[in-house]
Amino acid sequence: MGDLYHDKNSLRSAMEKLRCEASAKSGSAAARKICRILCGSIDIRPNTVVASYHPQRCEISPEPLIAALRERGCEIALPVVIGKHQPLTFRAFSPGNALAPGFGGIPEPLPQAETLSPDLFLVPLLAFDRQGNRLGYGGGYYDRTLNLARLCKRVLAIGLAYSCQEIENVPHGSHDMRLDAVLTEKELLRMPSSRDG
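Since this is a predicted model, take the numbers as computed values, not measurements.

**Remarks on unusual backbone geometry**
Glycine aside, negative phi is the norm for most residues, and most peptide bonds take the trans geometry. Despite not being glycine, Arg57 has its phi angle at roughly 50°, a positive value. Among the secondary structure elements, Arg57 is positioned in the loop between β1 (49-51) and α2 (63-71). Arg57 gets classed as partly exposed once you look at its relative accessible area, which sits at 47%. The phi dihedral of Cys58 is positive, around 70°, even though this residue is not glycine.

**Things to note about a positive patch on the surface**
There is a patch of like positive charges on the surface, built from Arg32, Lys33, Arg36 and Lys186. Summarising the element assignment, Lys33 is placed in helix α1 (residues 2-41). Judged by its relative accessible area of 36%, Lys33 is partly exposed.

**Observations concerning the pairing of strand β3 (residues 89-92)**
Sheet topology note: the strand β2 (residues 75-80)/β3 ladder contains four bridges and is antiparallel. The partner of Pro79 across the bridge, within β3, is Phe90.

**Details of the pairing of strand β7 (residues 120-124)**
Burial of β7 is extensive: five of the five residues sit out of reach of the surface. Sheet topology places β1 next to β7; two bridges connect them, and they run parallel. Counterpart to Val50 in the pairing with β7 is Leu120. Bridge analysis of β7 against strand β10 (residues 156-160) gives five bridges, and the strand direction is parallel. From the neighbouring strand, Phe121 faces β10, where its bridge partner is Ala157.

Reading guide: rules and limits
- Residues numbered from 1 in each chain as written.
- Predicted model: local features only at pLDDT ≥ 70, side-chain atom pairs only at ≥ 80, totals over all residues.
- Heavy atoms only, no water.
- Helix = DSSP H or I, 4+ residues; strand = E, 2+ residues; numbered from the N terminus.
- Buried < 20%, exposed > 50% of the residue type's maximum accessible area, 1.4 Å probe, protein only.
- Patch = residues over 30% accessible without salt bridge, like charges linked within 9 Å, V, L, I, M, F, W, Y side chains within 5 Å.
- Areas by Shrake-Rupley, 256 points an atom, 1.4 Å probe, with all protein chains shown as cover.
- Salt bridge = Lys/Arg side-chain N within 4 Å of Asp/Glu carboxyl O.
- Lys, Arg positive; Asp, Glu negative; His and termini not counted.
- Charge placed at Lys NZ, Arg CZ, Asp CG, Glu CD.
- Pairing = 2+ DSSP bridges.

Structure (structure tokens):
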């Protein structure tokens, strides 16, 4: 476990720098491209609950995609950190709704917002590989969340990334949840089944 921990940490700073370079170069254009690619690739039904995120630290913005999904009748939810070592919960969000600083200062919907159960997760990341492995920030929040969600119902987890964030092999362990797909400004990459761990 120690080697895995150090392998992951040694990647994080390098991948975050690479992501910020990509964001500075083509962030807005990439955000529009991922919107066109996903909307042209997957039939997303009205009333689908989509878990999005508030972009931080040069993460690719889901905002154009969320606007398009809302036009299709989807419900949007943003993550809320309830506590350390706990799965995320998701509260309903619409543009114009008030947000308050949550864990790490990241804006979250207010407590009175409705709690929703997502069908589709849009997941930020630092790196990914073609097996669906994802490098996050190390807190394990999405791993715990996806594990719980997959026990309850069929969900789809799509990582959002710049194509330059792909690496050959993301260091991973038995508790790391695989993505079902990764969406970049170039393509939608469908992954092997995430249900084998």
